[in-house]
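Each chain, written out:
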Amino acid sequence: MWDSFTIRRKMNSFAWHRGWTRAPAMPVNAWVIATSRCNLKCRTCPAHSPDFNFPETCFEDMRPEVFERVKRELLPGLKNIYLSGAGEPFLAPVTYEMLDRIIHPKRHILIVTNGTIIRPDYLERLIRVPSRIRVSLDGATPEVVKHIRGVSLDRVREFMKTVQEIRRRAGHPEFELQLNCVITRSNLEQLTDVVELAHGYGADMVSFTNFEPYGRADDFCTRESLMTDPETVLPRWRRARQRATELGIVMPELYFDCPGRPEEERREYQPTVYDETGRMRQCAIPWWSLYVETHGAVKPCCIWPDDAAVGNILEHPLRTIWNGPAYRALRRTVNTPNMPEHCKRCFVPSRI
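The rules behind each value
Starting from 1, residues in each chain are numbered consecutively following that chain's sequence as written. At least 70 in pLDDT is required for a residue's local features to be given in this predicted model, at least 80 for side-chain atom pairs to be given and counted, and no such filter applies to totals for whole chains, interfaces and linings, which use all residues. Note that water and hydrogens are dropped before the side-chain values are worked out from all heavy atoms of the structure. Only runs of H or I of at least four residues qualify as helices and only runs of E of at least two qualify as strands under DSSP, and these elements are numbered from the N terminus. Values of the radius of gyration come from C-alpha atoms, whereas the globule rule sets the reference at 2.2 Å times the count of residues to the power 0.38. Only protein chains enter the area calculation, which uses a 1.4 Å probe; residues under 20% of their type maximum are buried, those over 50% are exposed, and those in between are partly exposed. Residues are treated as being in contact if the distance between any of their heavy atoms lies within 4.5 Å. Note on areas: these come from Shrake-Rupley sampling with a 1.4 Å probe, and a residue is covered only by the protein chains present in the view. Working convention for charge: Lys and Arg count positive, Asp and Glu count negative, and His plus the chain ends are omitted. Note that the charge is assigned to NZ on lysines, CZ on arginines, CG on aspartates and CD on glutamates. Here the arc refers to the directions that run from the helix axis out to each C-beta atom. Only buried Ala, Val, Leu, Ile, Met, Phe, Trp, Tyr and Cys residues count toward a nonpolar core, and they belong to the same one when joined by side-chain atoms within 4.5 Å. A fitted line through C-alpha atoms serves as each axis, taken over the contacting stretch for helices, and the angle formed by two N-to-C directions is quoted from 0 to 180°. Roughly parallel covers angles under 35 degrees, roughly antiparallel covers those over 145, roughly perpendicular covers 65 to 115, and oblique covers all other angles. Each crossing gets its handedness from the near helix: less than a right angle anticlockwise from the far helix is left-handed, clockwise is right-handed. Just so you know the grouping, Ala, Val, Leu, Ile, Met, Phe, Trp, Tyr, Cys and Pro go in nonpolar, Asp, Glu, Lys and Arg go in charged, and all remaining residues, Gly too, go in polar. As used in this structure description, the phrase polar contact means that two N or O atoms lie within 3.5 Å; if the pair is within protein, one of them must be able to donate a hydrogen and the other to accept it, and residues adjacent in sequence are counted only when both atoms belong to side chains. Whenever a pair of cysteine sulfur atoms sits within 2.5 Å, that pair is classed as a disulfide. In this analysis, strands are considered paired if DSSP registers two or more bridges between them. Call a crossover right-handed when, viewed with both strands pointing away from you, the route from the first strand across the helix to the second goes clockwise. Like-charged residues are merged into a patch within 9 Å and nonpolar side chains (Val, Leu, Ile, Met, Phe, Trp, Tyr) within 5 Å, provided each residue has over 30% relative accessible area and no salt bridge. Any Lys or Arg side-chain nitrogen found within 4 Å of a carboxyl oxygen on Asp or Glu counts as a salt bridge.

(A) Here's a closer look at the overall build of the chain. Looking only at helices and strands, the chain features 14 helices and nine strands. For the chain, whose C-alpha radius of gyration is 20 Å, the value lies close to the compact-globule estimate of 20 Å for 352 residues. With the principal axes as the frame, the chain shows a C-alpha extent of 55 × 50 × 45 Å. Counting every position in the chain, which comprises 352 residues, the buried fraction comes to 51%. By sequence separation, contacts in the chain at least 24 residues apart represent 69% of the contacts at least 6 residues apart. With the model as given, the accessible surface of the chain reaches about 16,600 Å², and the carbon-plus-sulfur share is 51%. Computed over 50 positive and 44 negative side-chain charges, the inter-centroid distance for the chain is 7 Å.

Below you can see the structure in the form of structure tokens.
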């Protein structure tokens, strides 16, 4: 017998396959940004680039009035909840209130953390259900981690050790520990070491991502980003992937952007909305998911900027936004050549 999550997912999947612009059921997946504050100042993060001058209002916990709407209109119906974004979730009190409401054996939770705040009580509760904890760690030696993230490697190791010990004692069969590493020139020779480190703590997945400049031109970004240099990165990445395969660790694909090169070369290194037969890959996210910022802005996914939000949960009920003009326009165009520019630049290989 299908549960309510499955029924609603299938209803919206039917709408997607039929090309309907109206989703008959509310979403079962959502990114919920509990905070945009962080206790680190990682040099790869655009929030701390000298090229940008973000106002202090950009760094906040989810506003109480937004959380009231989220917990009433969104959380009860979610199957998959992703607590990620620009901040450190374990830094914010609202995260713990949210976890108290969503930790459940029938829900899947992903929480992305820098691994510096250890709460064994909440870690144990997360590890006892089908959740994923993704730790950001941009290097395998104390010197490199300090250089990139400004934090002690031992501190992050302690976090992963705590997770490993709880998992051995009380882990759910579907719990996963994951690591994410942003590739820079400083850690390029450590990719295989990162895989080995991850294996030592029982990690199930290691994902490497390129250092995306986001329009930056500061000295650090110019020196460290290898986003446009696949010839330098791929040999090291492939060695790391081979080792991950030997250790039974999943390692997703790596993508680049190479502006200025011929289009066929760019397509070789980045996800494309067309497959090898020329068929347009299909995106189902506008029928399945949404993304709520700390200040109430609603977007289809993480790739969309705030100034392109499809609504605000403080201004309209979520049900109205979900099938409002902006969402329906997106569903009408997302799988056509007239898709929004944000979709064309998406580096998340979510198209099918």
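(B) Quick look at the environment of Ala 308. In this fold, Ala 308 is placed in the loop between β8 (297-299) and β9 (311-312). Overall, the relative accessible area of 17% leaves Ala 308 in the buried class.

(C) Spotlight on helix α2 (residues 64-73). Those residues of α2 not exposed but buried are Val 66, Phe 67, Val 70 and Lys 71. Summarising the axial view, the buried residues of α2 lie within an arc of 125°, below the 170-degree limit, and thus occupy one face. For α2, the secondary structure elements touched by its buried residues are β1 (29-32), α3 (93-102) and β7 (289-292).

(D) Region of interest: the nonpolar core. The biggest cluster of nonpolar side chains holds 101 residues, and the ones touching the most others in it are Met 98 and Phe 208. With residues near it in sequence (within four places) discarded, Phe 208 still touches Cys 181, Ile 183, Leu 191, Val 194, Val 195, Trp 237, Ala 240, Met 251, Glu 253 and Leu 254. By size, the runner-up hydrophobic cluster in this structure holds six residues, among which are Ile 148, Val 182, Phe 211 and Phe 220.

(E) Here's a closer look at the packing of helix α4 (residues 120-127) against helix α6 (residues 153-170). Where α4 meets α6, the closest approach of the two axes is 10 Å, and the angle between their N-to-C directions is 50°. Judged by the angle between their axes, α4 and α6 are oblique. Between α4 and α6 lies a crossing whose hand is right-handed. Here Pro 120, Leu 123, Glu 124 and Ile 127 of α4 come into contact with α6, specifically with Phe 159, Thr 162, Val 163, Ile 166, Arg 167, Arg 169 and Ala 170. The residue inventory of the contact of α4 with α6, partitioned by class, reads seven nonpolar, one polar and three charged.

(F) Spatial organisation of the side chain of Ser 13. Following the sequence through the fold, Ser 13 ends up in helix α1 (residues 4-18). Ser 13 gets classed as buried once you look at its relative accessible area, which sits at 15%. A polar side-chain atom of Ser 13 sits 3.2 Å from a polar atom in the side chain of Trp 288.

(G) Just the state of the cysteines, in detail. Here the structure, examined in full by the defined rule, presents zero disulfides. Counting only cysteine sulfurs, Cys 301 is the nearest neighbor of Cys 302, a cysteine outside any disulfide, at a range of 5.4 Å. Judged by its relative accessible area of 42%, Cys 302 is partly exposed. Cys 343 carries a free sulfur, and the closest cysteine sulfur to it, the one in Cys 283, is 6.5 Å from it.

(H) Summary view of the pairing of strand β4 (residues 131-136). Bridge count between strand β3 (residues 108-113) and β4: five bridges; the pairing is parallel. In the strand pairing of β4, Thr 113 is matched with Val 135. This β-α-β element, β3 to α4 to β4, shows right-handed connectivity.

(I) Main features of a nonpolar patch on the surface. Among the surface-exposed residues, Trp 2, Ile 7 and Met 11 lie close enough to one another that they form a single nonpolar patch of about 310 Å² accessible area. Considering the arrangement of structural elements, one finds Ile 7 in helix α1. A residue is classified by how much of its surface remains accessible, and Ile 7, at 39% relative accessible area, is partly exposed.

(J) Representation of the packing of helix α7 (residues 191-200) against helix α9 (residues 230-247). Where α7 contacts α9, the axes come no closer than 8 Å and their chain directions differ by 20°. The orientation of α7 with respect to α9, classified from their angle, is roughly parallel. In the crossing of α7 with α9, the sense of the turn from one axis to the other is right-handed. Contacts between α7 and α9 pair Leu 191, Thr 192, Val 195, Glu 196 and His 199 from the former with Arg 236, Trp 237, Arg 239, Ala 240, Arg 243, Ala 244 and Leu 247 from the latter. Classifying every residue of the contact of α7 with α9 gives six nonpolar, two polar and four charged.

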